[in-house]
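The primary structure of each chain is shown beneath.
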Amino acid sequence: MPDNPNSRVVYRYVSHLTKDTLALILAGGRGSRLHELTTFRAKPAVHFGGKYRIIDFPLSNCVNSGIRRIGVLTQYKSHSLIRHLVRGWSHFKKELGEYVEILPASQQFSEEWYQGTADAVYQNLDIIRATKPKYILILSGDHIYKMDYRSMLLDHVENEADMTVSCLEVPVTEAAGAFGVMTVDDKNRILRFDEKPEKPTPIPGNPDITLASMGNYIFNTDTLLKLLTEDGKQPDSEHDFGKNIIPNILEDHKVYAYPFRDPETNALAYWRDVGSLDAFWEANMELITPDPELNLYDPDWPIWTYQRQLPPAKFVFDDDGRRGMAVDSAVSGGCIISGSHLKKTLLFSGVRIHSYSDIEETVILPDAVIRRNCKIRRAIIDRGCHIPEGTIIGFDAEQDKANGFRISSKGIVLVTRSMLGQPDGYA
């Protein structure tokens, strides 16, 4: 609780703002750059960090920020995502004004499925009207980060903004062709928005840095309803916030950028788009370093999820040549490491490693089984895979290709059940 009267006033004020806010999480992403990892699941349902799914991060951010009216908009291959939401996020009390509701594409205002980010929200206008929020927080459902949305909401209100766009400060060279980029004045009012420009505009006073959109927005509800209704009538619109809504309202609406920084250090905040195999592997590998930038052990900002009730991880055998051990690794509940050596490896729940195997720099998703005498390095093993005895992965690219495995641009090997000739469908 704040320790002085002025802080308590601000705390109560922000609490009222969060109660007047409805969060809508866009979770229908296809995630095509993750290739076979999204064959049976949407990108927000992809596993991450040993026990979570990507969707847990924006959901946890909402709850930890005091925003407890949440809608999750689903579309592409949503079964595992919906199952996860029902199991892990259905405990809210609707009678207390809190809920996580699943909003699948249902053709409410159109004969089409969700056609763009703006259209996804437009097709749920009846739900927004029934909820009667004062503010709408629109979030991308497929990024990894921890963020207190209360600061952004307070900034939105103090600026008397119609819309606020959450942004990252990104080097101009990295943003080129990769992000929606904002040109702002010295008060962060957005003057121009360019979708993935080759020459991004730098921020005032710093020619090397530009403001890149995170895909998170706050709208005044009345403004949003009007904009979406007008956009829905435009046959030539792609019905997308970045491509259509933001560029079209800059002249006659107050639209501000909110640079996302670490609240304690004011340094650039942690944010990862794990939309490629390399980015997914790298972000998971970061978590097993001694002092990862993303702190999953922070009791003041827990990441909530659904998890099965599993026994503790177990390491067995202590014989020369057959010693169950994991070094610089993270091992989740229900795992058994039986006489094998793991180094810089992340195991999700329920993984079983049989004896005499060596595994290094590998991400192994839930319920996988590694048989004896396997050698694996720099790989991603999908959920439920049974790796046959004596399999070697990550040492010979040509052999990996011959075995039907996918190799990323940086040499990370993806292995799925279908590549192994095993019945697939695990999500």
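Residues numbered from 1 in each chain as written. Predicted model: local features only at pLDDT ≥ 70, side-chain atom pairs only at ≥ 80, totals over all residues. Heavy atoms only, no water.

**Observations regarding the overall build of the protein chain**
Helices and strands together make up the secondary structure of the protein chain, namely 11 helices and 27 strands. In terms of its C-alpha atoms, the protein chain occupies a principal-axis envelope of roughly 70 × 50 × 45 Å. Within the protein chain, buried positions represent 52% of all 427 residues. Total accessible area on the protein chain stands at roughly 19,700 Å², and carbon and sulfur atoms take up 47% of it. (Helix = DSSP H or I, 4+ residues; strand = E, 2+ residues; numbered from the N terminus. Buried < 20%, exposed > 50% of the residue type's maximum accessible area, 1.4 Å probe, protein only. Areas by Shrake-Rupley, 256 points an atom, 1.4 Å probe, with all protein chains shown as cover.)

**Notes on the sheet that holds strand β12 (residues 314-316)**
By definition, the strands of a sheet pair up through backbone hydrogen bonds, in either a parallel or an antiparallel sense. In spatial order, the strands read β12-β17-β20-β22-β24; together these 5 strands make up an open sheet with parallel pairing. Strand pairing shows two members of the sheet lacking a second neighbour, β12 and β24 (386-387), which therefore form its edges. Looking at chain direction, strand β20 (residues 352-353) and strand β22 (residues 369-370) are connected through 2 bridges and run parallel. The residue bridging Ile-353 from the neighbouring strand is Ile-370, located in β22. (Pairing = 2+ DSSP bridges.)

**Some points on the packing of aromatic side chains**
In this description, an aromatic ring pair is defined by two values, namely the gap between the centres and the angle between the planes. Under the counting rule described, the total for this entry stands at 7 aromatic pairs. Ring plane angle 40 degrees and centroid distance 5.6 Å describe the contact between Phe-219 and Phe-241, whose orientation is recorded as tilted. Of this pair, Phe-219 sits in strand β10 (residues 209-220) while Phe-241 sits in helix α9 (residues 241-249); the two residues are 22 residues apart in sequence, bridging distant segments of the chain. Overall, Phe-241 belongs to the buried group, its relative accessible area being 0%. Joined through ring pairs, the aromatic side chains of Phe-48, Tyr-52 and Phe-57 make up one cluster. Above the ring of Tyr-99, the side-chain terminus of Lys-94 is found at 4.9 Å from the ring centroid. When the ring centre of Phe-317 is taken as origin, the NZ or CZ atom of Arg-322, which lies over that ring, is 3.7 Å away. (Phe/Tyr/Trp six-rings, centres within 6.5 Å; stacked < 30°, edge-to-face > 60°. Lys NZ or Arg CZ within 6 Å of the ring centre and 35° of its normal.)

**Let's talk about the nonpolar core**
The biggest cluster of nonpolar side chains holds 49 residues, and the ones touching the most others in it are Phe-48, Phe-280, Ile-353, Ile-364, Ile-380, Ile-381 and Ile-393. If one sorts the elements of this core by residue count, helix α10 (residues 277-286) sits on top with 5 residues. Setting aside chain neighbours within four positions, we find Phe-280 in contact with Leu-34, Leu-37, Val-46, His-47, Phe-48, Val-274, Val-363, Leu-365 and Ile-380. In this structure, Ile-70, Met-147, Ala-212 and Ile-218 belong to the second largest nonpolar core, which totals 40 residues. (Core = buried A, V, L, I, M, F, W, Y, C linked by side-chain atoms within 4.5 Å. Contact = heavy atoms within 4.5 Å.)

**Some details on helix α8 (residues 221-232)**
Across its 12 residues, α8 extends 16 Å between first and last C-alpha, which sits within 8% of the 16 Å expected from 1.5 Å per residue. Those residues of α8 that sit buried are Thr-221, Thr-223, Leu-224, Leu-225, Leu-227, Leu-228 and Asp-231. Contacts made by the buried residues of α8 are with α4 (117-122), α5 (125-131), β6 (135-140), β10 and α9. (Expected span 1.5 Å × (residues − 1).)

**Description of the packing of α8 against α9**
At a minimum axis separation of 11 Å, α8 and α9 run at an interaxial angle of 115 degrees. Two packed elements cross with a definite hand, and for α8 against α9 that hand is right-handed. On α9, the residues touching Leu-224, Leu-227, Leu-228 and Asp-231 of α8 are Phe-241, Asn-244, Ile-245 and Ile-249. (Axes fitted to C-alpha atoms, helices over the stretch in contact; angles between N-to-C directions. Left-handed = near helix turned anticlockwise from the far one by under 90°.)

**Describing the pattern of salt bridges**
Note that side chains of opposite charge can pair when their charged atoms are close. The tally for this structure, following the rule as stated, stands at 22 salt bridges. Taking the shortest distance from any N to any O, the salt bridge between Arg-41 and Asp-382 comes out at 3.4 Å. Note that Arg-41 is positioned in the loop between β1 (21-26) and β2 (47-48) and Asp-382 in the loop between β23 (375-381) and β24, a separation of 341 residues in sequence. Judged by relative accessible area, Asp-382 falls into the buried class, the value being 3%. A salt bridge links Asp-148 to Arg-150; the nearest nitrogen and oxygen atoms lie 2.9 Å apart. Taking relative accessible area as the criterion, Asp-148 reaches 24% and is therefore assigned partly exposed. Judged by its relative accessible area of 26%, Arg-150 is partly exposed. Each of Arg-33, Lys-43, Asp-142 and Asp-273 takes part in a single network of salt bridges with overlapping partners. (Salt bridge = Lys/Arg side-chain N within 4 Å of Asp/Glu carboxyl O.)

**A word on the environment of Asp-119**
If you trace the backbone, Asp-119 turns up in helix α4. In the structure, Asp-119 is positioned 136 residues away from Val-255 in sequence and 20 Å away in space, judged by C-alpha atoms.

**Section: the environment of Ser-349**
Tracing the sequence through the fold places Ser-349 in the loop between β19 (346-347) and β20. Along the chain, Ser-349 and Lys-314 lie 35 residues apart, while their C-alpha atoms are 12 Å from each other. Non-local contacts of Ser-349, meaning those with residues more than four positions away in its chain, are made with Gly-50, Arg-308, Leu-310, Ser-332, Gly-333, Cys-335, Pro-366 and Asp-367.

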